[in-house]
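One-letter residues, chain by chain:
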Amino acid sequence: QVQLVESGGGLVQAGGSLRLSCAVSGSIFSISAMGWYRQAPGKQRELVATITSGGSTNYADSVKGRATISRDNAKNAVYLQMNNPRPEDTAVYYCNVLILRGPTKLTYWGQGTQVTVSS
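Rules and cut-offs
Residues numbered from 1 in each chain as written. Predicted model: local features only at pLDDT ≥ 70, side-chain atom pairs only at ≥ 80, totals over all residues. Heavy atoms only, no water. Phe/Tyr/Trp six-rings, centres within 6.5 Å; stacked < 30°, edge-to-face > 60°. Lys NZ or Arg CZ within 6 Å of the ring centre and 35° of its normal. Salt bridge = Lys/Arg side-chain N within 4 Å of Asp/Glu carboxyl O. Buried < 20%, exposed > 50% of the residue type's maximum accessible area, 1.4 Å probe, protein only. Helix = DSSP H or I, 4+ residues; strand = E, 2+ residues; numbered from the N terminus. Polar contact = N/O pair within 3.5 Å; in protein donor to acceptor, adjacent residues only side chain to side chain. Contact = heavy atoms within 4.5 Å.

A.B. asks: For this particular structure, what's the right way to read the packing of aromatic side chains?
C.D. replies: Geometrically, a pair of aromatic rings is defined through the distance of the ring centres and the angle of the planes. Scanning the entire structure with this criterion turns up one aromatic pair. The positively charged end of Arg 45 is found above the aromatic ring belonging to Tyr 94, 3.8 Å away from the centroid. Directly above the ring of Trp 109 sits Arg 45, whose terminal nitrogen or CZ lies 4.8 Å from the centroid.

Here is the structure:
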């Protein structure tokens, strides 16, 4: 019943900018945290950035200073803005949400969106 849909991926030039969006729908009681992860070919899925319900953020060292994560509580959406993308940022980016339903915590993932950065 909970669905995450990413958008904004595609081909981008190195040194440009990138903005990813993720909309969450379904049986949402309370969102504890939202985040972005990515997985490049031959590599493990890694954290890119997260933002909690309290507004605190966390970034991977590889994107600090270049990426900004934000959320729109009214729309149940989370965004990732990345400036000066590099070829090594090429990966499938996944949206993640941690939902609270009373005493339980549930995690959901989007299907992913491909981001390719070319020189």
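That covers the picture; the talk isn't over yet.
A.B. asks: When you look at the pattern of salt bridges in this model, what are you seeing that I'm missing?
C.D. replies: Opposite charge on two side chains allows them to pair when their charged atoms are near. All chains considered together, the criterion is met by four salt bridges. Among the ionic pairs, Glu 46 bridges to Arg 38, the shortest N-O distance being 2.8 Å. A residue is classified by how much of its surface remains accessible, and Glu 46, at 35% relative accessible area, is partly exposed. For Arg 38, a relative accessible area of 4% gives the class buried. We note a salt bridge from Lys 64 to Asp 61, for which the minimum N-O separation is 3.1 Å.

A.B. asks: Is there a simple way to explain the side chain of Asp 89 in this structure?
C.D. replies: Residue position: Asp 89 is located in the loop between β8 (77-83) and β9 (91-101). Within the structure, the side chain of Asp 89 is placed 2.9 Å from the side chain of Arg 38, a separation counted as a polar contact. Once residues within four sequence positions are removed from consideration, Asp 89 is found in contact with Arg 38, Val 63, Arg 66, Met 82, Val 115 and Val 117.

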